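For reference, the chains in residue letters:
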Amino acid sequence: MLSVTLTALTVAATAVAPAHGGVPRALPPGTAFTPLTASLITTPAPVKAVDGRIHLSYELFVTDAVPAPVRLDRVTIRDARTHRVLASLSGGTLASSANPVGNLPPGEGTDLARTMPHPPVVRSSTQLVVWIDVALAASTRLSGQVEHELDGALLLPSGGSPFRETVARTPLAARAPLDLLAPVRPGTWYVSEGCCGNTHHRRGLAPVNGVLDVPQRFAVDWFRVGRGNRTWEGDPGRLTSYLSFRQPVAAAAGGRVVEVQDGIADNPPPVPPTVPPIQDTVGNHVTLQVAPGLYLLYAHLERGSVKVRYGQRVAPGQTLGLIGNSGNSTTPHLHFQVMTTREFFPTDSPPFTFRSFVLLGQVRPRIWDDNLGLQPTGVLPVAPSPFQGRHRDEMPLDREVIRF
């Protein structure tokens, strides 16, 4: 029975099934047994970034549904209606963009993901997450749906049996990303852990209440940058040495306060704190509802600095509190993101853009929350960027330095 089933998986189904009333009805074209199943946990949302490209960032979950290992050679993302290829992952690129669920997390603090052997092999009854990040020319016209073509082989005792399957056809988000004002006061800011590379935000898969989410997919950590590209001066073991500490945070859109937490102590930098209980992960924070099903999170605020109350209506630009170092935070910064629920766990993380900012440059080494205070100095090594200049209605990318 096993060999019959595995053999059947390599050929398209051609059987005819009787319809209601006994009239024969053919299965839809392309119907076939598939060794791999595939699913998504979000609706992919196109967003324009400072590189002038349209980004699609989401996750594809691939499960081996047969009693044999499966080699995954290629994942191709196509427009579901025109069948135009939007992106294709294979070889080392696929291996560095995939990991088993619950294993091989990204290497935090580096740009190097802990990769699988390539081509990846999915064991029976196990699941792989493929981190999809597609960058398209701004002129690309999408039909509103994408599909995924998986190429690989069943690894049978008799040898490899190749297959190709088209799966996980999914609509793209119809609603445009929120276009926001700055969440911080005017000045120069470092955009850390943003879209779309190997960061702990982008690849932070969280199982909460029996459901998998990527609750920080597009989240940004904001660090204040001063004269000479400094982020801290003096003793990095003192909160007051960091230019971000006690900087005001502002409502990036008008809305209603739907959650407030205060009273959690600020952590002493620069060593990562003990991971707090789940309810204290984001520390002192404010959550605004700014549209149906869309919320703004301001996290890691200074204890005692929150200036709004639950249920209060706030205007765009209104001060909500001050940047601190509470919750799961090593050095003072503002964690900011859009959410689909008022709670950080569980939630989904859609993209967003800012109405206007100036891109000043880019930091090439991965300097982030956990190692900022461990640098020899607080000076960021800001390099030129090909995208420097004024940007409107776009999303900044990871490790860029911008001015609001």
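Anything mentioned here points back to the structure above.
Residues numbered from 1 in each chain as written. Predicted model: local features only at pLDDT ≥ 70, side-chain atom pairs only at ≥ 80, totals over all residues. Heavy atoms only, no water.

A. Expanded view of the state of the cysteines. Tallied over the entire structure, the rule returns one disulfide. Put simply, Cys 195 and Cys 196 are joined by a disulfide, and their sulfur atoms are 1.4 Å apart. Looking along the S-S bond of the Cys 195-Cys 196 disulfide, the torsion reads about 85 degrees, which is the right-handed sense. Judged by relative accessible area, Cys 196 falls into the buried class, the value being 16%. (Disulfide = S-S within 2.5 Å. Buried < 20%, exposed > 50% of the residue type's maximum accessible area, 1.4 Å probe, protein only.)

B. Highlighting the pattern of salt bridges. For the coordinates displayed, the defined rule picks out 15 salt bridges. The shortest N-O distance in the salt bridge between Arg 78 and Glu 149 comes to 2.8 Å. With a gap of 71 residues between them, Arg 78 in strand E6 (residues 70-79) and Glu 149 in strand E11 (residues 145-156) connect regions that are remote in the sequence. Owing to a relative accessible area of 14%, Arg 78 belongs among the buried residues under this scheme. On the basis of relative accessibility, which here comes to 11%, the residue Glu 149 falls in the buried class. It is possible to trace a salt-bridge network through shared partners that takes in Glu 59, Asp 133, Arg 202, Arg 217 and Asp 348. (Salt bridge = Lys/Arg side-chain N within 4 Å of Asp/Glu carboxyl O. Helix = DSSP H or I, 4+ residues; strand = E, 2+ residues; numbered from the N terminus.)

C. Spatial organisation of the packing of aromatic side chains. For the structure on display, the rule yields 11 aromatic pairs. Seen from their ring centres, Tyr 298 and Phe 336 are 5.1 Å apart, and the 65 degrees between their planes marks the pair as edge-to-face. You can see Tyr 298 sitting in strand E21 (residues 294-301) and its partner Phe 336 sitting in strand E24 (residues 334-339), a full 38 residues away along the chain. Here Tyr 298 matches Phe 336 in class, with each residue buried. Judged by centre distance (5.6 Å) and plane angle (75 degrees), the rings of Phe 352 and Phe 354 are edge-to-face. Overall, Phe 352 belongs to the buried group, its relative accessible area being 3%. Taken together, Trp 222, Tyr 298, Phe 336, Phe 352, Phe 354, Phe 357 and Phe 404 form an aromatic cluster joined through their ring pairs. (Phe/Tyr/Trp six-rings, centres within 6.5 Å; stacked < 30°, edge-to-face > 60°.)

D. Geometry of the pairing of strand E14 (residues 188-192). Of all five residues in E14, five are buried, a share of seventy percent or more. Alternating residues of E14 divide into Thr 188, Tyr 190 and Ser 192 and Trp 189 and Val 191, and every residue in both groups is buried. Of the pairings in the sheet, the one linking E14 to strand E17 (residues 220-225) comprises five bridges and is antiparallel in character. Bridging from a neighbouring strand, Tyr 190 pairs with Phe 223 of E17. One ladder, built from four bridges, connects E14 with strand E29 (residues 400-403); its direction is antiparallel. Across the sheet, residue Val 191 finds its bridge partner in E29, namely Glu 400. (Pairing = 2+ DSSP bridges.)

E. Structural context of the side chain of Asn 325. The residue Asn 325 is located in the loop between strand E23 (319-322) and E24 in this model. At a separation of 2.6 Å, a polar atom in the side chain of Asn 325 contacts the side chain of Ser 329. (Polar contact = N/O pair within 3.5 Å; in protein donor to acceptor, adjacent residues only side chain to side chain.)

F. Examining the nonpolar core more closely. Counting residues in each nonpolar core, the largest one holds 40 residues, and the members touching the most others are Leu 180, Leu 296 and Phe 336. The dominant element in this core, judged by the number of residues it contributes, is E21, at four residues. In this view, Phe 336 contacts Leu 180, Pro 183, Ala 219, Val 220, Trp 222, Ala 252, Leu 296, Leu 297, Tyr 298, Phe 352 and Phe 354; residues no more than four positions away in its chain are not counted. Among the nonpolar cores identified, the runner-up in size contains 32 residues, and Val 70, Leu 89, Val 146 and Leu 156 belong to it. (Core = buried A, V, L, I, M, F, W, Y, C linked by side-chain atoms within 4.5 Å. Contact = heavy atoms within 4.5 Å.)

G. Focus on the pairing of E11. Burial of E11 is extensive: 11 of the 12 residues sit out of reach of the surface. Here E6 runs beside E11; their pairing, made up of nine bridges, is antiparallel. Bridge pairing in E11 links Val 70 to Leu 154. Pairing of E11 with strand E12 (residues 159-171), which is carried by 11 bridges, proceeds in the antiparallel orientation. Paired with Glu 149 across the bridge in E12 is Thr 166. Between E11 and the antiparallel strand that follows it, E12, lie two residues.

Shape descriptors only; they carry no functional weight alone.
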